[in-house]
Amino acid sequence: MSDPALLGPLASPARFPTSPAAPFDVAAARTDAQIEDTARAILDTGDRWLIADDYDARAVHFAEEMAGLAPADQTRLVQEVLRQDPGALASWMKLDIVDRMQAEGRISQDGYEAIASGFVEAYNAGTLDQAQAEQFLQIGSMIDRAPGIADQPFTQMQDFLAAAGSTDGAERFREDFAEALLTRALSDNAAWAVHAPGLAMQIAAGSNDPDMPANVFNDVLEANGGGDATRDTLLTAIGESTIGFRNSQGVVDAVNPLATLIDSVAAQPDTTQWNDIAVGIARYAESGNDDVLFDFYNDDAPFADTAGALSGLLASDHGDAMLTALASWDSRAVPQGNEHAQQFGANAIQLGNLMRITAMNPDNPGAQQAMDSIQAWTQVRKDYLNGVEGTYPDGLDVSTARQQLGILGGAAFDAVQQMKIDQDNRAAATQALVGFVVDIGLAAVPGGGKISSLVAGDLKSAFGNNPAVDRLIDQALSSGDTLGASAVDQLKSDIAAALDDQQADLALLRTDASHFVTDAVIGGLSGGTQADGGQSHRDIVEGHIQNVQDDIRDNRS
């Protein structure tokens, strides 16, 4: 998409006083002649000899006339005014003038809303093209700078579009206009419009349709081939714009463009199309600019807004597809790392990053819902290997289940190595790690039950047969074989407190925790069959975990 054509400050045609437009019934549709007369009267307003025209007065008159017209006639009047005065958008028909006149009380709220309604309908009808609409909304002053810097035009645009309401026409305008802005990310001059993608998400987020941000993204993607490279380019552009939008919060009412998109995608149905976009978002979370997702000024802790959005996405109907894609054992060579690096190691890095931001993020209120999704996914693989009868995903076999658990274990180990643990958040971090170990450990119980005695030994082993932890587990089981959800939560808290009291050294905590989470992944797995040479599922998955850890290092070297 090309940059909007900027109309120069064209002088309005010389005009002489004419007779005022003949009065007519407000409720009646206007004839072409009446619309022409009204436009002429507006353009005559403020016309002054030898000195600059009074553009304020002309804008006020325009608002008064628009307020008295039916919606269809508002569109016609906009068209006629622009026909008679092609330079109107560069002189008096400007949003900053309309906004100032409304703020000063010279344009009524009805008049302001009428202009907004007429504007969006004129765009929908093709009377205003994209370049003209962008010029009126002052997009050119916002696409290359953060909203906090262009705060006045940004706020004026927001208020004006809100005044258009939530009619079908206003919603259609938001979607079409946002798609045109997002398309700029694919143009050769995208670098000159770095915040166009953010504005697209902002405008879509202002609608009454929570699906609009996702639909805008998908429509632009499909219109441009629907390929992975196009999707990644769009995600990168939205992410880069997010930095400026986040830094503008508190100055203007700016959304987080990336979180806005993720929240909207999370609400979409479980289809291949939307699952692919969700997987692309999960991969982007690792490959994108760290400043989009991690706070440099807070020891690179994940930003709360994107962490929460990713947790919601992982907990949505797309969570299974995300985890399955990132746990794919793909042995293709990759360009990064050394000559031994393979794609499954890259996948594990991406999965570990997702877990670090969501389930293992001690500052993330949505961590548990992300953990629940991981636990359910793990449960299916362990049930399959343990021979539990049930319905399983197409294509799942013994080898695949082992490989997927191996990548999960390697990814979890890497997540612990990368996660933020310091004196300020060590208690919360320990709680997050214990939660992961217990939840994944309980996934070994056939059918997903909470019959903890079946996995007590593996849980104790996962925590290094620590006497204090062993006592807590035995105490929890002393009143019965089954632990309810509240009892499991209490056990997590008690174990976390015991470990935190014992771990004076943060480096030791990180090392122990890394082994805790990998042991939890293999915990509860049954032995194999003779076809496996007598080797247990546990041993094979443990070997896979080690291979994944090795390939992660190859990818990073």
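Going by the structure above, here's the rest.
Source: prediction; values computed, not measured.

1. Overview of the packing of helix α2 (residues 55-67) against helix α4 (residues 95-103)
And then number 1: α4 packs onto α2 with a crossing angle of 75° between their chain directions and a minimal axis gap of 10 Å. Taken as axis vectors, α2 and α4 run roughly perpendicular relative to one another. Here α2 contributes Y55, D56, A59 and V60 to the contact with α4, which in turn contributes I97, R100 and M101.

2. Here we look at a negative patch on the surface
And then number 1: The grouping of D290, D291, D299 and D300 at the surface amounts to a negative patch.
And then number 2: As for its placement among the helices and strands, D291 is situated in helix α14 (residues 290-293).
And then number 3: Taking the relative accessible area as the measure of exposure, D291 reaches 39% and is therefore partly exposed.

3. Some thoughts on the pattern of salt bridges
And then number 1: Going through the model one piece at a time under the given rule, you end up with 18 salt bridges.
And then number 2: With a closest N to O distance of 2.2 Å, R553 and D550 form a salt bridge. Taken together, the residues span about one helical turn, with R553 and D550 both in helix α25 (residues 537-556) at a distance of three residues.
And then number 3: The class of D550 is partly exposed, set by a relative accessible area of 31%.
And then number 4: Each of D32, D73 and R76 takes part in salt bridges that share partners, so that together they form one network.

4. Topic: the nonpolar core
And then number 1: If you look at the biggest cluster of nonpolar residues, it comprises 132 residues, and the most contacted ones within it are F62, L137, F160, M355 and I374.
And then number 2: In this view, F160 contacts L95, Y112, I115, A116, F119, F136 and L137; residues no more than four positions away in its chain are not counted.
And then number 3: Judged by nonpolar contacts, the second largest core, of 17 residues, contains V434, L459, F463 and A476.

5. A look at the layout of surface pockets
And then number 1: Size it by volume and the second largest pocket reaches roughly 270 Å³.
And then number 2: What lines the second largest pocket is a set of 13 residues, among which R231, D232, G280, R283 and Y284 lie closest to the centre.
And then number 3: Secondary structure elements with two or more residues in the lining of the second largest pocket: α11 (228-248) and α13 (272-287).
And then number 4: A per-element tally of the lining of the second largest pocket places α13 first, with six residues.
And then number 5: For the lining of the second largest pocket, the per-class residue count stands at three nonpolar, five polar and five charged.

Thresholds, definitions, all that
Residues numbered from 1 in each chain as written. Predicted model: local features only at pLDDT ≥ 70, side-chain atom pairs only at ≥ 80, totals over all residues. Heavy atoms only, no water. Axes fitted to C-alpha atoms, helices over the stretch in contact; angles between N-to-C directions. Helix = DSSP H or I, 4+ residues; strand = E, 2+ residues; numbered from the N terminus. Parallel < 35°, antiparallel > 145°, perpendicular 65-115°, else oblique. Contact = heavy atoms within 4.5 Å. Patch = residues over 30% accessible without salt bridge, like charges linked within 9 Å, V, L, I, M, F, W, Y side chains within 5 Å. Areas by Shrake-Rupley, 256 points an atom, 1.4 Å probe, with all protein chains shown as cover. Salt bridge = Lys/Arg side-chain N within 4 Å of Asp/Glu carboxyl O. Lys, Arg positive; Asp, Glu negative; His and termini not counted. Charge placed at Lys NZ, Arg CZ, Asp CG, Glu CD. Buried < 20%, exposed > 50% of the residue type's maximum accessible area, 1.4 Å probe, protein only. Core = buried A, V, L, I, M, F, W, Y, C linked by side-chain atoms within 4.5 Å. 1 Å grid on protein atoms, 1.4 Å probe; cavity = no way out; pocket = protein on both sides within 12 Å on 5 of 7 lines; lining within 4 Å. Points joined across faces, edges and corners; volume = space filled by probe spheres on them. Nonpolar A, V, L, I, M, F, W, Y, C, P; charged D, E, K, R; others polar.

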